[in-house]
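Close look at the chain arrangement
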Amino acid sequence: MSKSRVLSGMRPTGRLHLGHLFGALDNWRRLQEEYECFFFVADWHALTTEYAETKGIQENIREMVLDMLAAGIDPSKATLFLQSKLHEHAELYLLLSMITPVPWLERNPTYKEQQQELTTKDLSTYGFLGYPVLMASDILIYKANHVPVGIDQVPHLELAREIARRFNYLYGEVLAIPEALLTEFPKVPGTDGRKMSKSYGNAVYLSDSPEQVTAKIRPMVTDPARVRRRDPGNPDVCPVFDLHKIFTPKAERNATIDPGCRTAGIGCLDCKGVLLQHMLPVLRPIYDRRQELATHPEIVQEVLEDGWAKAKKVAGETLSEVKTAMHL
């Protein structure tokens, strides 16, 4: 019996950080043991908002793939490929755009949110409006059974499902209807307390050495109300405690970190020291693997070429079925 198929992708925005590790890669690593996984570098998707700044994309792809491999994505277990190397994505994108009602795209919650947030960019483009159709193409071209998403991303996947249902209604049952593989992603704060992001300059990268990680964690923002060592703190509002939830065993958090903070039994530096004791052993192997991989610059190209061959076979078969159903 064949395994269920999973599809997920990530835009090449540069080196990956802890938010990517616990928001995607750690989950991908587990999924590749149970499912037939297709993971891709979404370089076309990067153009939807970064079309005016494309010079760094190739370097970002290299850095991103190195991070993926270092974090445990295994090319012998999962198919890892570059989106733009498969014209089948673009062709299905074109065909699906012919049947997708514009109001479906205009009511996409991300469409208006990003236009309001990214005010320095002109997002009044066809590519930005239509990116959910490209996303649907990415998923449907592989007849993915499952797409790992957080609860807030379910509406985006539902649009892909609607497009697939509309196609099947018009032309026959060709496309698989993907299901959400709901995943709880931990909150990963940056060193300034905001969401970890490259653009905020608050990220701990997978390529950071243990010394660099320590240098970033030591001055990290804590409970703003805890001004002096003797002041009691509140772990519920402390970004450092959010990282403890990821790295420090629950028993130790409950017995030492939480009560120690609330009673001023431990200081913030002590608290960060305990965090580093648990954090560095997790990140060190990833750093070491990445350093080793970086000494073999050909490996990224080899992995992507091998993944391209595997992905192209599946994508080509689906596109052929689609065109036959449409009498093309």
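The following paragraphs examine the structure supplied in this document. What you see is a predicted model, and the numbers here were worked out from it, not measured in a lab. (Residues numbered from 1 in each chain as written. Predicted model: local features only at pLDDT ≥ 70, side-chain atom pairs only at ≥ 80, totals over all residues. Heavy atoms only, no water.)

1. What to know about the pattern of salt bridges
Where we set the bar: The term salt bridge refers to a side-chain nitrogen of Lys or Arg lying within 4 Å of a carboxyl oxygen of Asp or Glu. Working definition: helices are DSSP H or I runs of at least four residues, strands are E runs of at least two. Numbering for both runs from the N terminus. Relative accessibility thresholds used throughout: buried, under 20% of the residue-type maximum; exposed, over 50%; partly exposed, between the two (1.4 Å probe, protein chains only).
Following the criterion strictly, the structure yields 26 salt bridges and no others. Ionic pairing is found between Asp306 and Lys310, a salt bridge with its closest N-O pair at 3.4 Å. Placement of both Asp306 and Lys310 in helix α14 (residues 298-325) is noted, with a separation of four residues, approximately one turn of the helix. The exposure class of Asp306 is partly exposed, given its relative accessible area of 38%. Overall, Lys310 belongs to the partly exposed group, its relative accessible area being 36%.

2. Some thoughts on the pairing of strand β5 (residues 179-182)
Condition: If DSSP finds at least two bridges between two strands, the strands pair. Looking down the strands as they point away from you, a crossover is right-handed if its path from the first strand over the helix to the second goes clockwise.
Relative to β5, strand β4 (residues 146-149) runs parallel, the two sharing four bridges. Looking at the pairing, Val149 lines up with Leu182 of β5. As for the winding sense of the linkage, the β-α-β connection from β4 through helix α9 (residues 154-171) to β5 is right-handed.

3. Section: the packing of helix α4 (residues 87-97) against α14
We count it as follows: The axes are straight lines fitted to the C-alpha atoms, using for helices just the contacting stretch, and the angles between their N-to-C directions are given from 0 to 180°. These descriptions rest on fixed angle ranges, namely under 35 degrees for roughly parallel, over 145 for roughly antiparallel, 65 to 115 for roughly perpendicular, and the rest for oblique. The crossing is said to be left-handed when, going from far helix to near helix, the turn is anticlockwise and less than a right angle, and right-handed when the turn is clockwise. Whether two residues are in contact is decided by their heavy atoms: any pair within 4.5 Å suffices.
Orientation of α4 relative to α14, taken along the N-to-C sense of each, is 25°, at an axis distance of 9 Å. On the basis of their axis angle, the class for α4 and α14 is roughly parallel. Classified by chirality, the crossing of α14 by α4 is left-handed. Contacts between α4 and α14 involve His87, Glu88, Glu91, Leu92 and Leu95 from the former and Lys312, Ala315, Gly316, Leu319, Val322 and Lys323 from the latter.

4. So, the packing of aromatic side chains
So the rule is basically this: Between 30 and 60 degrees the pair is tilted, below 30 it is stacked and above 60 it is edge-to-face, where a pair is any two Phe, Tyr or Trp rings, Trp via its six-membered ring, whose centres lie within 6.5 Å. Working rule: Lys NZ or Arg CZ, within 6 Å of ring centre, within 35 degrees of ring normal, means a charge sits over the ring.
Scanning the model with the defined rule gives seven aromatic pairs in all. Through a chain of ring-to-ring contacts, three or more aromatic side chains come together here, namely Phe38, Phe40, Phe81 and Tyr142. Arg166 extends its terminal NZ or CZ atom over the ring of Trp104, reaching a point 6.0 Å from the ring centre. Here Arg194 stacks its cationic end above the ring of Tyr200, 4.0 Å away from the centre of that ring.

5. Description of the packing of helix α10 (residues 210-217) against helix α13 (residues 268-294)
The test is simple: Throughout this entry, Asp, Glu, Lys and Arg are counted as charged residues, while Ala, Val, Leu, Ile, Met, Phe, Trp, Tyr, Cys and Pro are counted as nonpolar. The remaining residues, Gly among them, count as polar.
Two numbers describe how α10 lies on α13: the axes approach to 10 Å, and their chain directions differ by 150°. Helix-helix and strand crossings are classified by hand; for α10 and α13 the assignment is right-handed. Of the residues in α13, those in contact with Pro210, Val213, Thr214 and Ile217 of α10 are Lys272, Leu275, Leu276, Met279, Leu280, Leu283, Arg284 and Tyr287. When grouped by side-chain class, the residues that make up the contact of α10 with α13 number nine nonpolar, one polar and two charged.

6. Thoughts on α13
Stated formally: In this analysis the local bend is the angle between axes fitted, respectively, to the seven residues ending at and the seven residues starting at the residue.
Of all the bends found along α13, the most pronounced is centred on Leu280 and spans about 35°, while Pro281, a proline, follows it within four residues. Among the residues of α13, Cys271, Lys272, Gly273, Val274, Leu275, Leu276, Met279, Leu283, Ile286, Tyr287, Arg290 and Leu293 are the ones counted as buried. Packing partners of the buried residues in α13 comprise α1 (18-31), α3 (57-70), α10, α11 (239-247), α12 (250-262) and α14.

7. Some thoughts on unusual backbone geometry
Unlike most non-glycine residues, Ala264 shows phi in positive territory, near 65°. Position of Ala264 relative to the elements: it lies in the loop between α12 and α13. Judged by its relative accessible area of 14%, Ala264 falls in the buried class. Phi angles above zero are rare outside glycine, and His327 is one such case at about 60°. Tracing the chain through its elements places His327 in the segment after α14. Exposure remark for His327: the relative accessible area of 75% places this residue in the exposed category.

8. Let's talk about the pairing of strand β1 (residues 5-10)
For β1, a buried count of five out of six residues is recorded, marking the element as mostly surrounded by other parts of the structure. In this view, the connection linking β1 to its parallel neighbour strand β2 (residues 36-41) by way of α1 has right-handed handedness.

9. Some points on the nonpolar core
A general feature of soluble globular proteins is that nonpolar side chains tend to end up buried together. The criterion, for reference: Only buried Ala, Val, Leu, Ile, Met, Phe, Trp, Tyr and Cys residues count toward a nonpolar core, and they belong to the same one when joined by side-chain atoms within 4.5 Å.
In terms of nonpolar packing, the biggest core is built from 55 residues, with Leu18, Leu21, Leu25, Met68, Ile217 and Met279 touching the most fellow members. With residues up to four places along the chain from it excluded, the contact list for Leu21 reads Asp26, Ala71, Leu206, Leu283 and Ile286. The next biggest cluster of nonpolar side chains, apart from the first, holds 43 residues, and it includes Leu86, Ala136, Ala160 and Ala164.

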